Amino acid sequence: MGRAERQGIRVDVEYVRREKSRLSKEIVAKMKQLKNSTFYIEWEKAQGKEVNLNSVPQLSNYLYNVKGLEPYKTTETGQGSVDEEAITNLNIPELMDIIRIRKLKKIRDTYLDQFGREQVNGVIHPFFNLHLVRTYRSSSDSPNFQNIPKRDEEAMNIVRKALYPRPGHQLLEVDYGNLEVRIGACYHKDPNMIKYIKDPKTDMHRDMMAQIFKLEYDGSDEHKYLRSAAKNGFVFPQFYGDYYVNNAKDMACKWGELPNGVWKDDLGVSIGDITLGRHLREQGLKSIKSFEKHLEKIQYDFWDNRFPEYASWKQRWWEVYKRRGFVDMLTGFRCYGVLSRNDATNYPIQGSAFHCLLWSFIRIDDILSGNHYIPLQIPLRVWKSKLIGQIHDAIILDVHPDELQAVAEMVHIITTKELPKAWDWINVPLEVDAELCPVDGSWAEKEKYKLVA
DNA sequence: GGAACTCGCCAC
DNA sequence: AAACGTGGCGAGTTCC
């Protein structure tokens, strides 16, 4: 990991400077426009002094105390929330401008600023800490290389266009697929989960989508969307220890839309020519309450029938922790201290999943730096290609095009074949996906790449 | 003037 | 009966 830190990642300093000033111009223009609105003028009047558009307490106070609006949700400390979800639901156009400004400032002040500040001769050297995280995962700082925008298209493009390989090289990213789910299976050994992992014809999220939304998955874009709703709104939260009441509320708010506990025909996700809310109503799930009851049954089915071994492992593992005060991970580390019921099962899975990545990272480093002892058909030499970073279940390399083929094969062998050989407790196949950027292309330009033909 | 806090938001 | 896991970081705010 130290070698990757020293290697670093190239930053286009001139681009960062230009992009920051472009963002600043848009932020200033947006603020100017906002300051002319009656919403802002009334806010300023109530405030009695100049309004700070970045101040969360000021906005919360104005919306919920001065104007007396009903908060859509509250924060941990009971204050009216002003996060994106909460203020979007107030249906005030000016608040959309605040969301836009926040997003642009996030890109400028959190990411581009960090790159400019931390770069040395056009290279950043993020730290990858191995000693700070309770679960034995890693963390990264100065700058944090592990939270660079990915899902939001605009933010992803702006930020990742700043990061480059060395001249004549290309960036390669190799991700383990569903690593935590697979490593979880090594602990609980649930046969149904193992079947989902091993049999490519099966798909757990597709099955859950059908059950939750009462729809047979047909592969359409709308169904793909609902599949990810089931995955991120129910399955993963359940794995982490959440329960159906939260799941129902989150899913209904995000995908169905029901301000008064009843589905609205004109709001929410559409499937075919009707909305999800309408579809659920036609299926007899008339309100949020009935959807919650529906999810309650699904939760019991999920743990009692679909993954009973997983459920009993969770139970046993918690009993072990209560008796001994610690749990041991398959990778030899011990989780101790005050753990909640969820912690006692989440920590070992999360930690040993990362250790799989770390083992692979170290072995790849051995080979690239010419020190390897693994009996592979790979000549001993120092490679031009280098490891430059890691994001929990992904490895990022800076590859010379002449070595691409060899690197791809080697990484594939290490991550999916050598690792399970080294650790016999790995009882499920491991898979990796890869993405490749063009030669001299930025990290924004990555495209799917097959490691093995 | 800095530490500690809250809040929002990015990643896995 | 319970009531989602791990981080880093920026900005505003309050306290000492």
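Residues numbered from 1 in each chain as written. Chains lettered and ligands numbered in written order. Predicted model: local features only at pLDDT ≥ 70, side-chain atom pairs only at ≥ 80, totals over all residues. Heavy atoms only, no water.

Asker: Residues and numbers for the pairing of strand S6 (residues 170–176), please.
Answerer: Across the seven residues that make up S6, a large majority, seven, are buried. Two strands pair when backbone bridges link them, and S6 and strand S13 (residues 432–436) are joined in this way by five bridges, in the antiparallel orientation. Bridge pairing in S13 places Leu172 opposite Leu436. (Buried < 20%, exposed > 50% of the residue type's maximum accessible area, 1.4 Å probe, protein only. Helix = DSSP H or I, 4+ residues; strand = E, 2+ residues; numbered from the N terminus. Pairing = 2+ DSSP bridges.)

Asker: Which residues make up the packing of aromatic side chains, and what are the values?
Answerer: Aromatic ring pairs: the centre-centre distance and the angle between the two ring planes describe each pair. Applying the stated criterion across every chain, the model contains 25 aromatic pairs. When the ring of Phe234 is compared with that of Phe302, the centres are 5.4 Å apart and the planes differ by 85°; the resulting orientation is edge-to-face. Here Phe234 is found in helix H11 (residues 221–240), whereas its partner Phe302 is found in helix H14 (residues 288–306), with 68 residues between them in sequence. Each of the two residues, Phe234 as well as Phe302, counts as buried. Put simply, the rings of Tyr187, Tyr196, Phe234, Phe236, Phe239, Phe302, Trp303, Phe307, Tyr310, Trp313 and Trp317 touch in pairs and so form one group of aromatic residues. For Arg334, the ring lying beneath its charged end belongs to Phe326, and the centroid distance is 3.8 Å. (Phe/Tyr/Trp six-rings, centres within 6.5 Å; stacked < 30°, edge-to-face > 60°. Lys NZ or Arg CZ within 6 Å of the ring centre and 35° of its normal.)

Asker: Break down the protein's contact with DNA strand B for me, citing the residues and quoting the values.
Answerer: Lining the immediate environment of DNA strand B, one finds 21 residues, of which Thr77, Val82, Lys106, Lys150 and Arg151 sit closest. Within the side chain of Lys106, an N or O atom sits 2.8 Å from a base oxygen of DNA strand B. A distance of 2.9 Å separates a sugar or linking oxygen of DNA strand B from a polar side-chain atom of Asp393. For the surface near DNA strand B, the residue count by class is six nonpolar, seven polar and eight charged. (Near = heavy atom within 4 Å. Polar contact = N/O pair within 3.5 Å; in protein donor to acceptor, adjacent residues only side chain to side chain. Nonpolar A, V, L, I, M, F, W, Y, C, P; charged D, E, K, R; others polar.)

Asker: Run through helix H3 (residues 38–47), naming residues and quoting values.
Answerer: Three or more residues of H3 are buried, namely Phe39, Tyr40 and Trp43. In a view along the axis of H3, the buried residues occupy a sector of 95°, so they form one face of it. Away from the buried face of H3 by more than 90 degrees, exposed residues Thr38 and Lys45 are located. On its buried face, H3 sits against helix H2 (13–35), helix H4 (56–66) and helix H6 (93–118). Two residues or fewer past H3, Gly48 is found with a positive phi of approximately 80°. (Arc of directions from axis to C-beta. Contact = heavy atoms within 4.5 Å.)

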